[in-house]
Amino acid sequence: MARLRYLGRKIAWLAITLYGVVTFNFVLFHVLPGNPVQLLVRSGHLTQQAQAAITRVYGLDHSLIVQYLIYLRDLLRGQLGLSYTFREPVSTLLGQYLGNTVLLLAAATLLTIAMGVLVGVIAANRRGGRYDSTTVTASVIGWSLPTFWTGLILVFVFGVWLHAFPIFGSQTPNAVYSSFWVRYEDIAAHLFLPTLTLVVVNIAQFVLVARVSVIEVLAEDFMLTARAKGLARRRILWSHAVRNALLPIVTSSALLIGLVVSGAIEVETVFSWPGMGRLVYNSVLNRDYPVIEGAFLVFAIVVLLVNFASDLLYQALDPRVREA
Amino acid sequence: MPAGIRRRDFLKRAGLLAVAVPGVATVLDACASVVPTAKARILRVGWTIEPDTMNPLTTYSTEAVEVLQLVYDQLMHYDLELKPEAGLATSWTYSSDAKSITYTLRSATWHDGKPFTSADAKFTFDLIKSSKASQYYQWVQSLVSTEAPNATTLVLHFSEPQAFNPGLAVPIIPQHIWTGMTGAQIQKFANSHPIGTGPYKFVKWVKGTSIEIQRNESWWGTKPAASKVSWILFQNEDVMAQGLKTGAVDICPEIPPTIWKGLAGAQHVQTVSLPSFSFHHIGINVSDNPKSGGNPLLKDRAVRLALSYAVDRQQLVNVALDGLGTPGSTLLPVGFGEWHQDITESQQFNADPQKAKAVLTAAGYIDRNGSGVRTSKDGKPLSFRLIAIQSTSVDVAAAQLFRDACAKVGIQLKLTLLDANSLGGTVYNAHTPNWDIFVWGWDAGVYDPDYMLGIPLCNQIGSNNDVYYCNRHYDQLYNEQSVTIDHAARLAFVHEAQQYYYDAAAYIIMWYQDKLQGYRTDTWKGWQRVNGGMVLNFTRDNYLKVRPV
Amino acid sequence: MVRPVVASAHVPGPDEGPVPNVAAEPVKRGQLRAVWQYVWHDRLGRIGVIAFVLVVIFALAGPLIFPFNSAAVANTSAGVLLGPSRRNWLGTDELGRDVFREFLSAAHISLEVGLAATAISMILGAVIGIVAGYYGRWVDNMLMRLTDFFLVLPQIPLVIALAAFFGQSLGIIILVIGMTGWPTTARIVRSQTLSLRERQFITRVRSLGTSDARILRVHILPNVMPLIFANTVLVIGGAILAEATLSFLGLGDPVQVSWGTMLHSAFAAGAIGRGAWWYFIPPGLGIVVVVLAFTLTGHAIDQALNPRLRGSR
């Protein structure tokens with residue numbers, strides 16, 4: 001019962017935070033000087049009546065309060081408005097770009113966590129050795145690299161020297177694929193470098209976290225007992241150590257997703273990856289409010305949900321943690 | 001007839017020029033199982049800005065028009081010498097008072113199979129006139145009525161003689177698709193499968209990636225050699241240039257100066273530099289509006305003259321454009337040929353700091369307190385706010401050079417860099433303009449002097465007239481040229497108008513940048529050089545005339 | 001865009017109680033000395049400190065010895081993007097200016113922005129974290145909701161929004177990075193505070209009737225300071241990276257050039273296409289070295305303070 005009430009409270013708070021985000025979002029973009037329709041019509045050379053007509057179509061002739069209420073109403077219906085630049089529904093637009101970003105982020109996140117943990121566990125196992133110090137140093141250096149700069153260097157190395165991977169877009173333009181698999185292969189080839197960039201830069205967190213957790217476990221008393229009993233070291237390692245590492249990994253993962261979502265802009269820019277990061281950046285420059293609001297909302301929801309889920313998961317996994 | 005200029009593509013360009021990231025050699029997967037369709041028959045164009053929409057009545061982007069001009073036909077088109085050639089109209093005649101134009105139309109078919117008739121043409125002009133909301137409206141402002149007496153004739157009646165024939169600008173749209181739409185519906189109509197009569201049919205637009213069109217086998221004209229044309233979007237110019245080098249694209253219509261120079265000597269790549277119809281300028285707030293927050297000292301012509309004399313336009317071209325442009329002077333860029341008013345160097349208000357100082361001193365502005373900044377008789381310093389768009393690096397460079405040059409003659413400029421939209425919002429606020437000097441630019445939308453000359457009109461304040469200049473005599477000169485059909489007479493008016501505006505020194509036109517393009521020599525041949533660009537220009541003929549190598 | 005603090009094995013969630021594993025010992029005298037000893041003897045820590053000192057010397061003395069004149073632009077295109085020579089040790093940029101001097105001046109700016117932004121985020125984070133942790137209940141709840149909200153604020157639209165009003169400047173970058181950087185610190189500090197609050201000596205002192213203010217000042221604050229300090233050093237690295245990214249995307253201050261702005265200009269001018277490596281490799285390396293310096297030092301300090309982490313060497 002108490003658990004359920006607790007959950008209910010948490011969800012309520014989540015909703016409130018979300019509402020705050022939506023409102024802040026709206027206010028931020030509507031107090032900015034420079035009206036896209038105004039700018040748009042100037043260069044198209046329209047008469048006053050025409051400008052007024054366009055303003056009406058986009059609902060910009062209402063007061064800010066009314067615009068805000070209309071925005072909320074549409075939001076509840078799942079409509080995110082009409083893009084100023086493309087004049088298409090924002091949801092359609094986001095849908096077209098979202099898939100690409102999700103692909104990139106999913107690949108990057110999964111690989112970072114998986115590889116980071118693996119490397120960290122091995123490093124802990126071989127603690128003090130060359131593998132250990134090399135990987136720790138390498139991860140820390142990786143963390144210090146600016147994401148966009150890393151992308152550039154990778155473009156140099158893999159693009160110019162090794163000629164191994166494509167460096168722009170998500171698919172070869174005008175390509176005709178002989179089968180499903182060939183298409184996926186092409187996409188994977190394009191996905192490789194952007195993903196690698198994100199992994200290199202973010203892996204440190206997981207390497208260190210996994211490493212520390214495993215070392216702690218290895219030092220515990222019960223380990224001696226288990227080994228005395230004859231259990232294989234490796235089994236002990238994996239069943240106890242990884243479980244110990246699970247909690248901090250969960251929290252780190254939540255943080256990672258938030259990071260990767262915003263880091264997507266840099267990577268998508270460097271590699272011309274047609275995803276939401278690029279869409280957002282261009283939309284901000286063009287004052288395409290509906291798109292910015294829509295994209296920002298999606299980002300915020302993702303981050304909030306992920307944090308929420310990780311908090312819950314943390315609660316579930318660690319009985320030692322008390323409520324505040 | 002007031003005219004406008006396509007500025008918004010400027011803004012878009014400015015907004016997106018920022019992030020040029022190095023790509024070096026692009027890699028096209030050599031893997032045999034990924035087969036880009038028979039490359040030789042696809043003409044691939046590389047660019048960094050996407051169109052906004054495929055709806056010709058709501059688009060304001062040059063890139064969209066570039067695609068749409070191959071899908072839709074106009075009554076007339078520009079040929080490779082920018083002279084009118086037959087389109088859907090095989091011939092056209094003016095009435096004796098030049099207020100009516102009669103077009104004889106050919107037979108053609110829409111891409112969905114339905115026949116094209118004069119009813120479609122009449123519908124198009126009527127719709128543009130009644131909906132008032134498209135970039136083409138400016139050409140039909142004095143349109144009084146339209147007639148389609150039979151299936152192959154269209155007559156347009158205007159209230160004034162038309163020096164510019166609107167048949168050169170307006171795409172003809174099918175009545176059976178567009179009929180019945182209200183203004184609001186047109187605004188929201190995405191037109192994702194445009195149907196026209198043009199040489200190419202629309203295939204698809206993968207947002208953020210590419211646009212593809214394919215040849216219309218039942219087109220009325222000589223069929224082009226390219227079975228498909230595809231525009232590929234790059235996020236930045238460096239990667240695009242690498243795409244040209246490695247053969248991922250066949251032509252790039254817009255390359256920034258430094259990158260363009262880097263392409264020289266690349267294998268199988270030919271770079272071209274063509275005169276453009278664009279300029280970059282320094283605009284000075286000369287508003288008479290009492291609510292204007294602009295510095296009133298700028299209304300003194302002596303100050304503006306000094307600002308003009310202070311700067312060396314050739315230096316600006318050398319440093320900011322890497323030498324790839326012509327120093328600017330009058331309103332019509334040199335690309336306009338004889339329309340451009342040429343002022344002899346000795347008569348130009350250019351590159352003469354001594355003269356600038358003399359002019360200022362004679363007008364009573366001297367350095368009264370040794371600060372290096374001159375002040376007026378009542379102690380107001382010659383200190384002004386200068387704004388420029390942060391992401392247009394050539395403007396930023398120019399602004400810095402301008403500021404330093406003015407400092408040498410005793411004028412202080414405080415530079416602030418804004419993003420494109422903020423600058424636009426600041427400048428276009430005609431009610432309470434609060435700025436002094438800006439750095440910006442203009443592109444011409446049509447190959448006619450009407451556009452550029454139409455900027456500094458009194459009735460354009462609040463619209464294209466970004467410096468709020470208003471002068472009756474200038475307005476008169478403009479009106480004369482827009483209704484004069486006789487070429488020589490019109491030329492005289494056009495020159496006089498430019499000279500008059502130049503003397504007012506409200507604009508300091510810094511340069512006419514070259515249009516820098518590059519194309520591959522091993523895929524398509526027959527590229528003709530045209531003022532303003534081989535592609536991404538007013539003429540589509542290069543697309544139609546190139547042949548595979 | 002704020003990278004999580006690497007050294008902490010665990011960043012506490014908002015609803016967690018005091019983290020049981022973090023050692024929250026009351027401050028002893030001589031701890032500072034002990035920390036220093038540890039850091040200096042740790043290999044990576046020493047590298048970090050040396051790099052840190054070098055960086056500071058470079059950034060402070062560099063622009064004084066080799067001042068950068070941003071107005072010294074070339075008059076012709078011949079002076080643009082030249083390679084390293086005896087006259088220009090790192091060649092020239094796209095306006096013909098000396099890259100080496102620009103690099104030093106940019107070092108100064110980048111560090112300045114990093115430090116200022118960190119100061120804002122640390123002060124905010126510490127204050128909010130302590131208040132939330134100490135007072136608990138609804139105060140804690142409200143502040144943690146506030147933290148959640150700021151956690152999802154993206155930096156780019158914020159910078160653009162502010163820049164639209166005030167023009168792009170360093171001040172805006174500093175403000176935005178500071179405003180988006182404090183939530184993580186707040187959570188860490190709150191967790192530590194909670195754990196301290198539950199300790200016996202605090203409960204005893206409270207029952208004696210000591211005022212909150214005194215408890216905070218005398219007992220809580222000194223015990224939280226070491227953690228804050230360790231965290232600060234690490235956060236600086238993140239702030240410098242954030243500034244570089246924002247500037248690279250074109251949102252920085254183009255007049256006061258930072259490393260990120262240099263990289264932005266390099267790319268906008270097609271330096272890569274021209275192979276002008278002297279223009280875009282040094283700023284990137286500079287960022288890496290600086291961030292590494294702070295990270296290694298901070299990591300070592302963190303370990304010095306938390307003996308538990310220490311065992312992992």
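See the structure printed just above.
Conventions we followed
- Residues numbered from 1 in each chain as written.
- Chains lettered and ligands numbered in written order.
- Predicted model: local features only at pLDDT ≥ 70, side-chain atom pairs only at ≥ 80, totals over all residues.
- Heavy atoms only, no water.
- Salt bridge = Lys/Arg side-chain N within 4 Å of Asp/Glu carboxyl O.
- Buried < 20%, exposed > 50% of the residue type's maximum accessible area, 1.4 Å probe, protein only.
- Helix = DSSP H or I, 4+ residues; strand = E, 2+ residues; numbered from the N terminus.
- Disulfide = S-S within 2.5 Å.
- Axes fitted to C-alpha atoms, helices over the stretch in contact; angles between N-to-C directions.
- Parallel < 35°, antiparallel > 145°, perpendicular 65-115°, else oblique.
- Left-handed = near helix turned anticlockwise from the far one by under 90°.
- Contact = heavy atoms within 4.5 Å.
- Nonpolar A, V, L, I, M, F, W, Y, C, P; charged D, E, K, R; others polar.
- Pairing = 2+ DSSP bridges.

### So, the pattern of salt bridges
Okay, step 1: Under the definition given, this model contains 22 salt bridges over all chains.
Okay, step 2: In this structure, the salt-bridge partner of D404 of chain B is R403 of chain B, at a minimum N-O distance of 3.5 Å.
Okay, step 3: By relative accessible area, which is 17% here, R403 of chain B ends up buried.
Okay, step 4: Measuring nitrogen to oxygen at the nearest pair gives 2.8 Å for the salt bridge that ties D140 of chain C to R190 of chain C. You can see D140 of chain C sitting in helix α4 (residues 137-151) and its partner R190 of chain C sitting in helix α6 (residues 170-197), a full 50 residues away along the chain. With respect to class, D140 of chain C is no different from R190 of chain C; both count as buried.
Okay, step 5: Through salt bridges with shared partners, one network takes in D93, R97 and E102 of chain C.

### A short note on the state of the cysteines
In a disulfide, the sulfur atoms of two cysteines are covalently bonded to one another.
All names here are of chain B.
Okay, step 1: Scanning the model with the defined rule gives one disulfide over all chains in all.
Okay, step 2: With a sulfur-sulfur separation of 1.9 Å, C458 is cross-linked through a disulfide to C470. Between C458 and C470, the disulfide has an S-S torsion of 100 degrees and is therefore right-handed. Of this pair, C458 sits in the loop between α13 (449-453) and α14 (472-483) while C470 is found in the loop between α13 and α14, placing the two residues 12 residues apart along the sequence.

### Looking at the packing of helix α8 (residues 212-248) of chain C against helix α10 (residues 277-305) of chain C
Residue and element names in this part refer to chain C.
Okay, step 1: The interhelical angle for the contact between α8 and α10, taken along N-to-C directions, is 165 degrees, at an axis separation of 8 Å. As summarised for this structure, α8 and α10 are arranged roughly antiparallel, according to the angle between their axes. Regarding α8 and α10, the two cross each other, and that crossing is left-handed. For the pair α8 and α10, the contacting residues are P226, L227, F229, A230, V233, L234, I236, G237, I240, L241 and A244 in the first and I287, V290, V291, F294, T295, T297, G298, H299, I301, D302 and L305 in the second.

### With respect to the packing of helix α1 (residues 31-41) of chain C against helix α2 (residues 43-65) of chain C
All names here are of chain C.
Okay, step 1: One way to put it is that α1 packs onto α2 with a least axis distance of 5 Å and a crossing angle of 95 degrees. Judged by the inter-axis angle, α1 sits roughly perpendicular to α2. Seen from α1, the contacting residues are W36, V39, W40 and H41; seen from α2, they are R43, G45, R46, V49 and I50.
Okay, step 2: Looking at the contact of α1 with α2, its residues break down into five nonpolar, two polar and two charged.

### Some remarks on the sheet that holds strand β5 (residues 89-94) of chain B
Residue and element names in this part refer to chain B.
Okay, step 1: Read across the sheet, four strands follow the order β5-β6-β10-β9 without closing on themselves; strand pairing throughout is antiparallel. Each edge of the open sheet carries a strand with a single partner, namely β5 and β9 (143-150). Across the sheet, the mean angle from the axis of one strand to that of its neighbour is 20 degrees, orientation sign disregarded.
Okay, step 2: Note: strand β6 (residues 100-105) against strand β10 (residues 153-158), five bridges, orientation antiparallel. Counted as the bridge partner of Y103 is L154 from β10.
Okay, step 3: Sitting on the sheet, helix α3 (residues 118-131) touches β6, β9 and β10, and the angle it makes with β9 is about 165 degrees.

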